[in-house]
Amino acid sequence: MDTKPPPPVLEFARLTGRLVELRPHAPSDAAALFPLVHKQAAVTDMLIWNGPDASEDLERLFSAWPSKDPALAEPGALGGGLDYFFTIHGLAAGQPVGHCGIRFTETPGMANLGYWMGERFWGGGLCTEAVSLLTWLALETLQAPAVEALCLARNLGSQRVLEKNGFIRDTSFEPETPRHGSASAPDDANPCELRYVLARSTYQPPEGLPVSAEIRIAPSLMS
Ligand SMILES: CC(C)(COP(=O)(O)OP(=O)(O)OC[C@H]1O[C@@H](n2cnc3c(N)ncnc32)[C@H](O)[C@@H]1OP(=O)(O)O)[C@@H](O)C(=O)NCCC(=O)NCCS
């Protein structure tokens, strides 16, 4: 009989770093995040999403956290089979600067990371820290055996963020249909998608991060 406790399901998580804080998306974040992604080709050309048409679209997306009720979580599934999406708050800017999230519903047995930042906040190390916090949550708290991220070959910034966090490129990965950038940039000359992976067995938790963490596990699974 398998006596291993089921992987935890998150009811809430707030992770604070030195540069950013990750908080569950809230509808009130939509007003600040909408102009950072609406019709921002520099951002959406690298995503599998074209961005919202209206601020209300984001408000709707942000109104449920996680994406479904933890009570409906599938017992035993990684992360409860739920997706956890966060607003990245810039501590110096004092406002939402981007989005990041962990999907457990993308690849079985794997935590799949996604992220974007408003262009005016690029280059300050904010996304690197956000990915570090998210990876810590997935591997240390949610017990994922590995974390993966997919990105376009031309997305050098994203590759650098992953490499700085210890992710290794999976050279055996052969995407069937590249999706990143396909919505906004259908004529992309280099649509090749790369896969980066970080396994828990080789993971070195970052020194001093998170600075603080407030995490609540869904009570239904704590007994
Ligand atoms: C990818 C992205 C999230 C990075 O955000 P960021 O806050 O600028 O990231 P950081 O500042 O933490 O780190 C970026 C790193 O990439 C490097 N970089 C950025 N553009 C680069 C380029 N064209 N060539 C080489 N390196 C590049 C930066 O120099 C930095 O590395 P360094 O710290 O060693 O100098 C941001 O560019 C973005 O939102 N892009 C559009 C959406 C996206 O690509 N999402 C990911 C989809 S897989």
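Use the structure listed above.
As for the site of the ligand
Lining the immediate environment of the ligand, one finds 21 residues, of which Met46, Cys127, Thr128, Cys151 and Gly157 sit closest. At the level of secondary structure, the elements contributing two or more residues to the shell around the ligand comprise strand S5 (111-117), helix H4 (126-141) and helix H5 (156-164). Sort the elements by how many residues they give to the shell around the ligand and H5 lands first, with five residues. The residue inventory of the shell around the ligand, partitioned by class, reads twelve nonpolar, eight polar and one charged.

Quick notes on unusual backbone geometry
Trans is the common state for peptide bonds, and a negative phi is the common state for residues other than glycine. A cis amide bond, omega -10 degrees, links Trp65 with the succeeding residue Pro66. Structurally, the position occupied by Pro66 is in the loop between helix H3 (55-61) and strand S3 (83-90). With omega at -10 degrees, the peptide bond leading from Leu209 into Pro210 counts as cis. Along the chain, Pro210 falls in the loop between strand S8 (193-199) and strand S9 (212-217). Even without glycine at this site, Lys39 takes up a positive phi of about 55 degrees. For Lys39, a count of 12 C-beta atoms within 10 Å corresponds to the exposed category. Positive phi, close to 60 degrees, is recorded for Gln143, a residue that is not glycine. Mapped onto the elements of the fold, Gln143 is located in the loop between H4 and strand S6 (146-152).

Reading guide: rules and limits
- Residue indices begin from 1 for each chain and proceed along its sequence in written order.
- Local features in a predicted model are, by the rule used here, given only for residues with pLDDT of at least 70; side-chain atom pairs are given and counted only at 80 or more, and totals for whole chains, interfaces and linings are based on all residues.
- Using the backbone to place each C-beta atom, any residue with that atom within 6 Å of a molecule or strand is considered near it.
- In this description a helix means any DSSP run of H or I spanning at least four residues, a strand means any run of E spanning at least two, and both kinds are numbered starting from the N terminus.
- By the convention adopted, Pro, Cys, Tyr, Trp, Phe, Met, Ile, Leu, Val and Ala count as nonpolar, Lys, Arg, Asp and Glu as charged, and the other residues, Gly among them, as polar.
- The exposure scheme places C-beta atoms from the backbone and then counts, for each residue, the other C-beta atoms within 10 Å of its own, assigning buried at 20 or more, exposed at 12 or fewer, and partly exposed in between.

Purely spatial values, then, with no claim about function.
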